[in-house]
Amino acid sequence: MRTDRQDAVRRTRAGVPDQAQFATKPTLAGQMIAAALDAGISASWVTGDEAYGQDPHLRALLESRGIGYVLAVACSARVRINQGRTAARADAVADRLPASAWHRQSVGAGAKGPRYYDWAWIEIGTDGHRHLLIRRNPSSGELAFYVCWSPTQVPLSKLVRVAETRWCI
């Protein structure tokens, strides 16, 4: 176990300023995004994994700046369906979807050809700008969940494109 003295020595050697405070990955991301936007860099969308999707402050920052997002969340994430009247787990929502809710779309070329997944989306707000996006692997049935917000209404294909750009980085 390190002591405060050992931590101070390590911080000094690494050039970490004394005033630097611990910040979570979503907090750091929010600071970097705000700084980039303030510097005149434009962005239409942000995407990220569950560490970012679970953070309501990051989502609120993006919405306040008019930046759409498609952020992964855990299957246990609670969303509000039925015009915001009903809270439910994301995986429970997916379990109740009819077959007609799923749409197969390619997410680009893979090593063995096009990669296809089945996608469904459910409105989780009252304004047409919030969705739960669900990706299903057609071979294994494995599910992935995303919370989405867009400043304007967008089609499913747009959210799918944004979700899959995460893997380009």
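In what follows, the structure referred to is the one given above.
Here the structure is a predicted model, which means the values were calculated and not measured.

Asker: Tell me about the overall build of the chain, and name the residues and values.
Answerer: Assigned secondary structure in the chain consists of six helices and eight strands. By principal-axis analysis of the C-alpha atoms, the chain measures approximately 60 × 40 × 35 Å. Evaluated residue by residue, the chain yields a buried proportion of 36% over its 169 residues. A fraction of 47% describes how many contacts in the chain between residues 6 or more apart in sequence connect residues 24 or more apart.

Asker: Just give me the short version of the packing of aromatic side chains, but keep the residues and values in it.
Answerer: Both the distance between ring centres and the angle between the ring planes are used here to describe each pair of aromatic rings. Under the counting rule described, the total for this entry stands at three aromatic pairs. Taking 6.4 Å as the distance between ring centres and 75° as the angle between the ring planes, the aromatic pair formed by Y117 and W119 counts as edge-to-face. Judged by relative accessible area, which is 16%, Y117 ranks as buried. Here a set of aromatic residues connected by ring pairs shows up, and it is made of Y117, W119 and Y146. In this structure, R135 is placed above the aromatic ring of Y117, and the distance from its NZ or CZ to the ring centre is 4.7 Å. Positioned above the aromatic ring of W102, the side-chain terminus of R136 is 4.1 Å from the ring centre.

Asker: With reference to specific residues and values, describe the sheet that holds strand β6 (residues 113-123).
Answerer: Sheets are built from strands that pair by backbone hydrogen bonding, the pairs being arranged parallel or antiparallel. A sheet is described by the order of its strands in space; here six strands give the open sequence β1-β2-β8-β7-β6-β5, paired in mixed fashion. The open sheet is flanked by β1 (45-48) and β5 (103-110), the only strands paired with a single partner. Each strand axis lies, on average, 25° off the axis of its neighbour in the sheet, ignoring direction. Judged from the six bridges that link them, β5 and β6 form a sheet pairing that is antiparallel. Directly across from S106, in β6, lies its bridge partner Y116. Helix α4 (residues 56-64) contacts β1, β2 (68-73), β7 (130-136) and β8 (143-149) of the sheet and is inclined by roughly 165° relative to β2.

Asker: Can you lay out the pattern of salt bridges for me, pointing to particular residues and giving the numbers?
Answerer: Evaluation of the coordinates by the stated rule reveals six salt bridges. Among the ionic pairs, R130 bridges to E63, the shortest N-O distance being 2.7 Å. One end of the pair, R130, is in strand β7; the other, E63, is in helix α4, with 67 residues separating them in the sequence. Close ionic contact of R136 with D118 constitutes a salt bridge, the shortest N to O distance being 3.2 Å. Note that R136 is positioned in strand β7 and D118 in strand β6, a separation of 18 residues in sequence. Taking the relative accessible area as the measure of exposure, D118 reaches 6% and is therefore buried. Through salt bridges with shared partners, a single network forms among R104, D118 and R136.

Asker: Go over the packing of helix α2 (residues 25-38) against α4, please, and point to the residues and values.
Answerer: Here α2 crosses α4 at 15°, and the two axes come no closer than 9 Å. For the element pair α2 / α4, the angle class is roughly parallel. Seen from above, α2 lies across α4 with left-handed handedness. Only L58, L61 and L62 of α4 make contact with α2, whose side of the interface consists of P26, G30 and I33. Considering only residue class, the contact of α2 with α4 consists of five nonpolar, one polar and no charged.

The rules behind each value
Within any chain, residue numbers begin from 1 and follow the written order of that chain's sequence. In keeping with the model being predicted, local features are shown solely for residues with a pLDDT of at least 70 and side-chain atom pairs are shown and tallied solely at 80 or more, while totals for entire chains, interfaces and linings include all residues. Values reported for side chains reflect all heavy atoms of the structure, with hydrogen atoms and water molecules removed beforehand. Numbering of helices and strands runs from the N terminus, with a helix taken as a DSSP run of H or I at least four residues long and a strand as a DSSP run of E at least two residues long. Three exposure classes are used, based on accessible area relative to the maximum for each residue type with a 1.4 Å probe and protein chains only: buried under 20%, partly exposed in between, and exposed over 50%. Two residues qualify as a contact provided that any one of their heavy atoms is within 4.5 Å of a heavy atom in the partner residue. Pairing of aromatic side chains here covers Phe, Tyr and the six-membered ring of Trp, requires ring centres within 6.5 Å, and sorts the geometry by plane angle: under 30 degrees stacked, over 60 edge-to-face, intermediate tilted. Geometrically, a charge over a ring is one whose NZ (Lys) or CZ (Arg) sits within 6 Å of the ring centre while staying within 35 degrees of the ring normal. When DSSP finds two or more bridges between two strands, those strands count as paired. Every angle, taken between N-to-C directions, lies between 0 and 180 degrees, and every axis is a line fitted to C-alpha atoms, over only the stretch in contact when it is a helix. When a carboxyl oxygen of Asp or Glu is within 4 Å of a side-chain nitrogen of Lys or Arg, the pair counts as a salt bridge. With respect to orientation, any angle under 35 degrees is reported as roughly parallel, any angle over 145 as roughly antiparallel, any angle of 65 to 115 as roughly perpendicular, and every other angle as oblique. Crossings are classed by handedness, with left-handed meaning an anticlockwise turn of the near helix from the far one by less than a right angle and right-handed meaning a clockwise turn. Each residue gets one label: Ala, Val, Leu, Ile, Met, Phe, Trp, Tyr, Cys and Pro are nonpolar, Asp, Glu, Lys and Arg are charged, and the others, such as Gly, are polar.

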